[in-house]
Amino acid sequence: MAKKQKKDSNKGRALSSKSSQKAKSSKSGGTSLVALAALGLAGIVIGIAFVYLRSLRVNQRLQLPSVIQGNLGGPADRLWGTYRSNAYFGIRPRLPEAASFGLMWFGRGRGSLDIRHDCDHSDPSIQYGWTRHDGTSFGQQDIKDLDVQIKTTFYKTTDFSWTSRISVTPLSTTSQALRPMVVIFYVYSEGDSPLEYVKGKQKNSITKVTGNIKELGDFELRFHLSSLPAKSEHHYLATNLPGGLSFLEEKMGKILRYDQNSGKIYLPGEIDFFPQEGKKDNNFIAVQIKTTLPFELDITYSPINGLGSDSQTPLHGPALTEALERRIRKFDQQFEETFALEKKNFTTREIDFAKLAFSNLIGGISYFYGASSVISSGMKQPVPYWPAPLYTAVPSRSFFPRGFLWDEGFHQLIASKWNVEVTKV
């Protein structure tokens, strides 16, 4: 009996020992899992922190003196220019949050409404290009849209005042070519300064737009309507444009009104995109003119206080025509002195082609301001650089209207031979 109790006691100790070992094993395994989970979580945190720190380093500004010193807008003779090369005709200063000006028109094709604004290389019905451009104060461009020729001219009377001339002529005498033409010229204020306008004698016409550019002061934009045919129709748009000039053609297509009775397509005047938020200051004003062909319209920009306000009034009308003839002769003379193509026995046709190629390079010089997007290995999304200006020529006004360092070296080989100052910031 004593032996049996001893045997049972030994058996109990063995079972207890096995249970204890299992408990220890289970506890050890649980501790290992917790440790592995902690290590995994720590790895994730370290990985996220690494990517975050890398993203900070990717767009960290170098703490050294800036290469570009002096006036923000650069030399006065290159403050204003046709620096919006992605548009068929766009003007702006080399300043951030300033004002942009541009041209739109209704395409001449039949069918649905086609608003022309951004250069489009995929449209075979339109041809465009600068025929002469000096990179500082003068440029002429020919645009052929099916049955009409549109000539856009940029002319600076002074460093701070300029004129845009829009000339439209039919390319034939057919009734199709002689149809009335619709053009729209606009101004957009990029900063906080509002735009105001003054109406003319003709119904819905605008003769003057005023605004302010922070670094330059107040300005006025005048529409010289007296040169237009008598039977001209006028409309306008004054609004606070959401999202700026991005996708402007699509925005204008939605804004335009259609009169079923007359078939007219027109701008609606004063509108609010978000009336529930209350009236906002106008930062976009567009002037629409529909008129018979041919016609010519001069639009002048001049400062009314601040920089250049005491300078000469911008030319328009016959005085501008005479000045342009002199500027064309000066351009042709400088082109020959620079490249000597006549002396090399090139034909007139070949020289005209060379002028066109050169002028489109110079006329493609643009000004951009904003933050570039950059990305590094291990980053899923790009991050922005700090806001900065970019003054550069572009490889293509339609296909690649932005800076490209590789091409810029080739651009400057030609531009610096013409005028080395044009290549400087």
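These figures come from a predicted structure and were not determined experimentally. (Residues numbered from 1 in each chain as written. Predicted model: local features only at pLDDT ≥ 70, side-chain atom pairs only at ≥ 80, totals over all residues. Heavy atoms only, no water.)

A. Molecular detail of the packing of helix 3 (residues 318-339) against helix 4 (residues 348-363). Contact pair helix 3 / helix 4: the axes reach a minimum separation of 12 Å and the direction vectors enclose 95 degrees. Comparing their axes, helix 4 and helix 3 come out roughly perpendicular. Contacts from F331, D332, F335 and F339 in helix 3 reach I351, A354, K355, F358 and S359 in helix 4. Among the residues forming the contact of helix 3 with helix 4, the class breakdown is 6 nonpolar, 1 polar and 2 charged. (Axes fitted to C-alpha atoms, helices over the stretch in contact; angles between N-to-C directions. Helix = DSSP H or I, 4+ residues; strand = E, 2+ residues; numbered from the N terminus. Parallel < 35°, antiparallel > 145°, perpendicular 65-115°, else oblique. Contact = heavy atoms within 4.5 Å. Nonpolar A, V, L, I, M, F, W, Y, C, P; charged D, E, K, R; others polar.)

B. The arrangement of the side chain of T82 in detail. Here T82 shows up in the loop between strand 1 (80-81) and strand 2 (90-93). Residue classification places T82 among the buried residues on the basis of a relative accessible area of 4%. Here the side chain of T82 touches H133 through a polar contact of 2.9 Å, side chain to side chain. What T82 contacts, discounting residues up to four positions off in sequence, is F89, G90, I91, W130, H133, F154, G363 and I365. (Buried < 20%, exposed > 50% of the residue type's maximum accessible area, 1.4 Å probe, protein only. Polar contact = N/O pair within 3.5 Å; in protein donor to acceptor, adjacent residues only side chain to side chain.)

C. Looking closely at the packing of aromatic side chains. For the structure shown, the criterion picks out 26 aromatic pairs. Seen from their ring centres, Y83 and Y391 are 6.0 Å apart, and the 85 degrees between their planes marks the pair as edge-to-face. Linking Y83 in the loop between strand 1 and strand 2 with Y391 in strand 22 (residues 388-392), this pair joins segments that are 308 residues apart in sequence. We classify Y391 as buried; its relative accessible area is 13%. Ring geometry for F358 and W418: centres 4.8 Å apart, planes at 55 degrees, overall tilted. Of this pair, F358 sits in helix 4 while W418 sits in helix 5 (residues 405-418), placing them 60 residues apart in sequence. Summarising the burial analysis for this pair, F358 and W418 share the class buried. In this structure an aromatic cluster arises from ring pairing among W80, F101, F154, W162, F219 and Y301. For the cation-ring pair, R94 lies above Y391, with the distance from its terminal atom to the ring centre recorded as 4.0 Å. The cationic tip of R402 hangs over the ring face of F400; the distance from NZ or CZ to the ring centre is 4.1 Å. (Phe/Tyr/Trp six-rings, centres within 6.5 Å; stacked < 30°, edge-to-face > 60°. Lys NZ or Arg CZ within 6 Å of the ring centre and 35° of its normal.)

D. The arrangement of the environment of T300 in detail. On the secondary structure map, T300 appears in strand 18 (residues 295-303). What makes T300 buried here is its relative accessible area of 4%. Measuring from C-alpha to C-alpha, the distance between T300 and S161 comes to 7.6 Å, with 139 residues separating the pair along the chain. Sequence-distant contacts of T300, defined by excluding residues within four places in its chain, comprise W162, T163, E220, L221, R222, H224, P314, L315 and H316. At 2.9 Å, the side chain of T300 forms a polar contact with the side chain of H224.

E. View of the pairing of strand 12 (residues 217-224). Burial analysis of strand 12 places 6 of its 8 residues in the buried class, which makes it a mostly covered element. Bridge analysis of strand 11 (residues 206-213) against strand 12 gives 6 bridges, and the strand direction is antiparallel. Along strand 12, the bridge assignment pairs I213 with G217. Taken together, strand 11 and the strand that follows it, strand 12, pair antiparallel across an intervening segment of 3 residues. (Pairing = 2+ DSSP bridges.)

F. Highlighting the pattern of salt bridges. Using the criterion set out here, one finds 15 salt bridges in the structure. K424 is the salt-bridge partner of E421, the closest N and O atoms lying 3.1 Å from each other. On the basis of relative accessibility, which here comes to 36%, the residue E421 falls in the partly exposed class. By relative accessible area, which is 41% here, K424 ends up partly exposed. Residues joined by salt bridges that share partners form a network here, namely D114, R116, D123 and D145. (Salt bridge = Lys/Arg side-chain N within 4 Å of Asp/Glu carboxyl O.)

G. The arrangement of the layout of surface pockets in detail. In this model, the second largest pocket occupies a volume close to 680 Å³. What lines the second largest pocket is a set of 22 residues, and nearest its centre among them are R84, R92, E190, L245 and S246. It is strand 19 (residues 366-370) that contributes the most residues to the lining of the second largest pocket, 4 residues altogether. (1 Å grid on protein atoms, 1.4 Å probe; cavity = no way out; pocket = protein on both sides within 12 Å on 5 of 7 lines; lining within 4 Å. Points joined across faces, edges and corners; volume = space filled by probe spheres on them.)

H. Just empty space enclosed by the protein, in detail. Counted according to the given criterion, the structure contains 2 cavities of 30 Å³ or more. Considering only enclosed or pocket space, the largest cavity measures out at about 60 Å³ in volume. W80, G81, T82, Y83, H133, G135, T136, F154, I362, G363, I365 and Y391 together form the lining of the largest cavity. Mapped by element, the contributors of at least two residues to the lining of the largest cavity are strand 1 and helix 4. Roughly 40 Å³ of internal volume is contained in the second largest cavity. Along the walls of the second largest cavity sit E233, H235, K264, I265, Y266, Q288 and K290, which together make up its complete lining. Per-class residue counts for the lining of the second largest cavity are 2 nonpolar, 2 polar and 3 charged.

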